[in-house]
Amino acid sequence: MTEELAKTFGNGQENTPLGIPLGTNAGQLRDSEYEAIGYISSDGQAKNITPVELSHMAIFWAPSNRGHLAESQGQRIPTLDLIVRNRCTNNMYIIQRVSAKVFWRDAVNAVLNRTLQRVDSVKRPK
């Protein structure tokens, strides 16, 4: 998956920063003006969303058991703090505790619809 994503969206580079349009489904992030451009790691650092990161997320978050994430197995669904950018104003924000399920749907839709875009490396918004 990493190589395919890198080839398709990252100009062959596995660490190319990508933007994922948000709001392709109902949920916390339903607004077409925003795209996820990164996330805050467990050590508090801003991280890019790259083909490598998406592949790692797929391993842990890919739906199993007929399309349901961990909730169907009695586990808590993971969350992440997303760094999003308003495409109209270029302002960046951190949206805390976004459901991995909601983010993953948008990520998959962006891959399938080829709406991922290369973006600049992310920095933590103030």
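Rules used in this analysis
- Residues numbered from 1 in each chain as written.
- Predicted model: local features only at pLDDT ≥ 70, side-chain atom pairs only at ≥ 80, totals over all residues.
- Heavy atoms only, no water.
- Helix = DSSP H or I, 4+ residues; strand = E, 2+ residues; numbered from the N terminus.
- Buried < 20%, exposed > 50% of the residue type's maximum accessible area, 1.4 Å probe, protein only.
- Areas by Shrake-Rupley, 256 points an atom, 1.4 Å probe, with all protein chains shown as cover.

1. Observations regarding the overall build of the chain
- Per the secondary structure count, the chain includes three helices and six strands.
- Each helix (α) and strand (β) of the chain, taken in turn from the N terminus, gives the series α-β-β-β-α-β-β-α-β.
- The buried share among the 126 residues of the chain stands at 43%.
- Element-wise, carbon and sulfur atoms account for 44% of the exposed surface of the chain, whose accessible area totals about 7500 Å².

2. Comments concerning unusual backbone geometry
- Non-glycine residue asparagine 90 carries a positive phi angle of around 70°.
- You can see asparagine 90 is positioned in the loop between strand S4 (79-86) and strand S5 (92-99).
- Of note, the phi angle at arginine 97 is positive, near 55°, even though the residue is not glycine.
- Checked against the element boundaries, arginine 97 lands in strand S5.

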